[in-house]
Amino acid sequence: MDRNHLLRQVAYMKNSLFDQGYLDREQFTQLEELQDDANPNFVEEIVTLYYNDSARLIQNMEQTLVNRPIDFVRLEEILHQFKGSSSSIGAKKVNDACTQLKEYCSAENTEGCSRTLQLVKQEHAVLRTRLETYFQRVREAG
């Protein structure tokens, strides 16, 4: 594939992530503006750090939900950290699911928390796959 075709694909993929609500356009664009020649992979590195850290936070939320009695205060603390990290990369659907999860935590609704944590994990995984594909294309386009 020629470089121009790859660049068009990259632009299309990124716009798709925005248009389908996976990424917040403004937040992700702000991250991209911090990228420069001195650190050309800045955004990908930040996203990689996010996924490394968020996997631990998801595991902590899952563990908190299986412990009895459930410590909803602790669950909300972990969720707050996870939601903040998700916001920082513009993970819009993940963030929206976190908002739902917070409502169930505040209501101390165990079933709602468990069900919504599955949604958080699903949105997290879908975004990861889509971003991995996107960054692969960015690298190919050089």
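First things first, this report covers the structure right here in the doc. All figures in this text were calculated on a predicted structure; none of them were measured in a lab.

To continue, consider the layout of surface pockets. Reported here for the largest pocket is a volume of approximately 250 Å³. Contributing to the lining of the largest pocket are 17 residues, with Gln 35, Pro 40, Tyr 134, Val 138 and Arg 139 lying nearest its centre. When contributions to the lining of the largest pocket are tallied by element, the ones reaching two or more residues are helix H1 (3-19), helix H2 (25-33), helix H3 (42-66) and helix H6 (110-141). The element contributing the most residues to the lining of the largest pocket is H6, with five residues.

All right, on to the environment of Ile 46 then. With respect to the helices and strands, the residue Ile 46 is situated in helix H3. For Ile 46, a relative accessible area of 26% corresponds to the partly exposed category. Residues Ile 46 and Arg 25 lie 21 residues apart in sequence; the distance between their C-alpha atoms is 16 Å. If sequence neighbours within four positions are ignored, Ile 46 has contacts with Leu 31 and Ile 89.

This brings us to the side chain of Thr 116. Along the chain, Thr 116 turns up in helix H6. Ignoring any residue separated from it by four or fewer positions in sequence, one finds Thr 116 in contact with Ala 97, Gln 100, Leu 101 and Tyr 104.

Moving on, we get to the environment of Leu 117. Following the sequence through the fold, Leu 117 ends up in helix H6. For the pair Leu 117 and Met 61, spaced 56 residues apart in sequence, the C-alpha separation works out to 8.1 Å. Each residue touching Leu 117, except ones within four places of it in the same chain, is listed here: Met 61, Glu 62, Leu 65 and Leu 101.

Quick look at the packing of H3 against helix H4 (residues 72-89) now. Their axes nearest at 10 Å, the elements H3 and H4 cross at an angle of 160°. Regarding the angle of H3 to H4, the classification is roughly antiparallel. Like other packed secondary-structure pairs, H3 and H4 cross with a definite hand, here left-handed. Every residue of H4 that contacts H3 at Ile 46, Val 47, Tyr 50, Asp 53, Ser 54, Arg 56, Leu 57, Ile 58, Asn 60, Met 61, Thr 64 and Leu 65 is listed here: Arg 74, Leu 75, Ile 78, Leu 79, Gln 81, Phe 82, Ser 85, Ser 86 and Ile 89.

Let us now look at the packing of aromatic side chains. One pass over the structure, following the stated rule, counts five aromatic pairs. Between the aromatic rings of Tyr 50 and Tyr 51, the centroid separation amounts to 4.8 Å while the plane-to-plane angle is 80°, which identifies the pairing as edge-to-face. Residues Tyr 50 and Tyr 51 agree in their burial class; the two are buried. Three or more aromatic residues link up through ring pairs in this structure, and these residues are Phe 18, Phe 28, Tyr 134 and Phe 135. Here the basic side chain of Lys 93 rests over the ring of Tyr 22, its NZ or CZ set 4.1 Å away from the ring centre.

With that settled, consider the nonpolar core. Of all hydrophobic cores here, the largest spans 39 residues; its most connected members are Met 61, Phe 82, Leu 101, Leu 127, Leu 131 and Tyr 134. If you list the elements that add at least two residues to this core, you get H1, H2, H3, H4, helix H5 (92-106) and H6. Here this core gets nine residues from one element, more than from any other, and that element is H3. Look past the residues within four positions of Tyr 134 in its chain and what remains in contact with it is Val 10, Met 13, Lys 14, Leu 17, Phe 28 and Glu 32.

Cut-off values and rules
Residues numbered from 1 in each chain as written. Predicted model: local features only at pLDDT ≥ 70, side-chain atom pairs only at ≥ 80, totals over all residues. Heavy atoms only, no water. 1 Å grid on protein atoms, 1.4 Å probe; cavity = no way out; pocket = protein on both sides within 12 Å on 5 of 7 lines; lining within 4 Å. Points joined across faces, edges and corners; volume = space filled by probe spheres on them. Helix = DSSP H or I, 4+ residues; strand = E, 2+ residues; numbered from the N terminus. Buried < 20%, exposed > 50% of the residue type's maximum accessible area, 1.4 Å probe, protein only. Contact = heavy atoms within 4.5 Å. Axes fitted to C-alpha atoms, helices over the stretch in contact; angles between N-to-C directions. Parallel < 35°, antiparallel > 145°, perpendicular 65-115°, else oblique. Left-handed = near helix turned anticlockwise from the far one by under 90°. Phe/Tyr/Trp six-rings, centres within 6.5 Å; stacked < 30°, edge-to-face > 60°. Lys NZ or Arg CZ within 6 Å of the ring centre and 35° of its normal. Core = buried A, V, L, I, M, F, W, Y, C linked by side-chain atoms within 4.5 Å.

In short, geometric facts, not functional conclusions.
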